[in-house]
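# Secondary and tertiary structure notes
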Amino acid sequence: MGIRESSIDRVFNVFVYALVILAAGLALFPLFYVFSISFSSEKEFLTRGFYLFPQEFTLDGYRYLMAHPGFTQAFRNAVILGVVGTLINIVFTTLMAYGLSKPWLKLRASINFLVFFTILFSGGMIPTYLVAKSLHLLDSFWAIWLSSAISAFNTIVMRGFFQSIPVELEESARIDGSGEWRLLAAIILPLSLPAIATFTLFYFVSNWNTYFSAILYLNDNRLMPLQVFLRQMIVEGGDTTLSNASNLEFQYTPAAKMAAIVLTALPLLVIYPFLQKHFNKGVLLGSVKG
């Protein structure tokens with residue numbers, strides 16, 4: 001026999017649904033507006049004012065960006081920074097968290113304290129820049145990758161996840177003759193897919209949105225990632241014209257600016273559905289034991 005819902009519960013549920021729908025609408029409204037303007041012509045944007053559905057559908061903004069060497073170069077740089085940087089982050093974070101989760105590790109308490117200490121007090125911008133300069137890493141992606149190779153907070157959370165894995169599994173594997181590397185690859189990592197997927201998403205979003213580190217360590221415009229290009233295009237204006245093979249001049253129209261925003265957010269929107277299942281589990285499991 002089902003539990004009958006009282007009138008107060010029904011009113012509360014209606015209120016919760018209405019609040020969720022309102023919040024979702026407020027979040028989706030600017031995204032839909034940007035998406036709509038990206039398919040509009042400059043004339044319609046200047047004459048109609050505010051609108052959500054363009055009368056004149058055009059792909060000029062996207063065609064312009066695809067023909068723009070600055071955008072395509074910045075997009076490639078962002079992909080390289082995101083993919084390689086995330087791989088470095090996951091490898092270093094996983095190995096360090098796994099080591100710190102083992103009670104037999106010598107100086108484990110001291111290393112854990114140093115990791116936690118960096119959350120409260122970081123080296124700072126100037127010392128990090130001087131280290132990168134002394135290692136001749138300026139104007140190189142390695143300056144960005146190595147300066148943010150490990151997140152102390154993510155390492156602590158992943159360490160707690162490794163500690164929640166039953167010790168009996170490791171003991172059984174060691175009885176069968178497994179070493180630490182085989183134990184990590186064959187047992188620990190498959191069980192840790194939710195946590196790894198969660199931090200992969202976190203790291204990729206951080207690397208994809210790299211802005212300050214790029215302008216700090218990179219001076220060559222050919223190495224600038226997508227976020228720096230968007231800053232130049234939308235806020236500063238960047239190069240106002242571009243000549244293509246037909247010697248036609250293009251400008252950063254509102255449609256081109258909005259199209260750049262859409263294309264910048266597109267990789268994250270594509271990746272998230274594939275990680276959503278593991279992401280939800282990782283957030284829950286990572287919070288069970290700290």
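Our subject is the structure listed above.
A brief structural summary. All values reported here derive from a predicted model rather than from experimental measurement.

The subject of this paragraph is the overall build of the protein chain. When its secondary structure is counted, the protein chain shows 14 helices and 2 strands. For the protein chain, the residues scored as buried account for 36% of the 290 residues in total. Across the protein chain, contacts joining residues at least 24 apart in sequence account for 69% of those joining residues at least 6 apart. Summed over all atoms, the accessible surface of the protein chain reaches about 17,900 Å², with 69% contributed by carbon and sulfur.

The final tally for this structure, using the stated rule, is 18 aromatic pairs. Both rings, one in tyrosine 98 and one in phenylalanine 162, keep their centres 5.9 Å apart while their planes meet at 85°; by these two values the pair is edge-to-face. Separated by 64 residues along the polypeptide, tyrosine 98 in helix α4 (residues 69–100) and phenylalanine 162 in helix α8 (residues 152–163) bring together distant segments of the chain. Both residues of the pair, tyrosine 98 and phenylalanine 162, count as buried.

This part is about the nonpolar core. The biggest cluster of nonpolar side chains holds 24 residues, and the ones touching the most others in it are Tyr62, Leu65, Phe71, Leu226, Phe229, Met233 and Ala260. In terms of residue count, the dominant contributor to this core is helix α14 (residues 254–285) (6 residues). If near-sequence neighbours (up to four positions away) are discounted, leucine 226 is found in contact with Phe71, Ala74, Phe75, Ala78, Trp208 and Thr264. With 15 residues, the next largest nonpolar core counts Ala97, Met158, Phe162 and Ile196 among its residues.

What follows concerns helix α1 (residues 7–37). Between the first and last C-alpha of α1 there are 44 Å, a value that for 31 residues agrees with the 45 Å anticipated at 1.5 Å per step. In the structure, α1 departs most strongly from a straight axis at leucine 28, where the bend amounts to approximately 30° and where the proline proline 30 lies between one and four residues downstream. Taken together, the buried positions of α1 are Tyr33, Val34, Ser36 and Ile37.

Further remarks concern helix α3 (residues 60–67). Residues Gly61, Tyr62, Tyr64 and Leu65 constitute the buried set of α3. For α3, the buried positions fall inside an angular range of 160° around the axis, keeping them on one side. The exposed set on the far side of α3, more than 90 degrees from its buried face, consists of Arg63 and Met66.

At leucine 107, a residue that is not glycine, the phi angle is positive and equals roughly 60°. If you trace the backbone, leucine 107 turns up in the loop between α4 and α5 (108–120). What makes leucine 107 exposed here is its relative accessible area of 64%. For histidine 136, which is not glycine, the phi torsion reads 60° and is therefore positive. By the secondary structure assignment, histidine 136 is in the loop between α6 (125–134) and α7 (141–147). Residue histidine 136 is classed as exposed on the basis of its relative accessible area of 72%.

Side chains of Phe113, Leu114, Phe116, Phe117, Ile119, Leu120, Phe121 and Phe153 sit close together on the surface and give an oily, nonpolar patch of about 850 Å² of accessible area. Broken down by element, the nonpolar patch gets its largest block of residues, 6 residues, from α5. Summarising the element assignment, leucine 114 is placed in helix α5.

On to the pattern of salt bridges. Summed over the entire model, instances satisfying the criterion amount to 2 salt bridges. Put simply, aspartate 60 and arginine 63 hold a salt bridge, and the shortest N to O gap is 3.0 Å. Here aspartate 60 pairs with arginine 63, and both are found in helix α3, just 3 residues apart, close to one helical turn. Residue aspartate 60 is classed as partly exposed on the basis of its relative accessible area, which comes to 48%. You can call arginine 63 exposed: its relative accessible area is 52%. A salt bridge links arginine 222 to aspartate 220, with the shortest nitrogen-to-oxygen separation between them at 2.9 Å. A relative accessible area of 60% places arginine 222 in the exposed class.

Conventions used here
- Residues numbered from 1 in each chain as written.
- Predicted model: local features only at pLDDT ≥ 70, side-chain atom pairs only at ≥ 80, totals over all residues.
- Heavy atoms only, no water.
- Helix = DSSP H or I, 4+ residues; strand = E, 2+ residues; numbered from the N terminus.
- Buried < 20%, exposed > 50% of the residue type's maximum accessible area, 1.4 Å probe, protein only.
- Contact = heavy atoms within 4.5 Å.
- Areas by Shrake-Rupley, 256 points an atom, 1.4 Å probe, with all protein chains shown as cover.
- Phe/Tyr/Trp six-rings, centres within 6.5 Å; stacked < 30°, edge-to-face > 60°.
- Core = buried A, V, L, I, M, F, W, Y, C linked by side-chain atoms within 4.5 Å.
- Expected span 1.5 Å × (residues − 1).
- Bend = angle between axes of the 7 residues up to and from the residue.
- Arc of directions from axis to C-beta.
- Patch = residues over 30% accessible without salt bridge, like charges linked within 9 Å, V, L, I, M, F, W, Y side chains within 5 Å.
- Salt bridge = Lys/Arg side-chain N within 4 Å of Asp/Glu carboxyl O.

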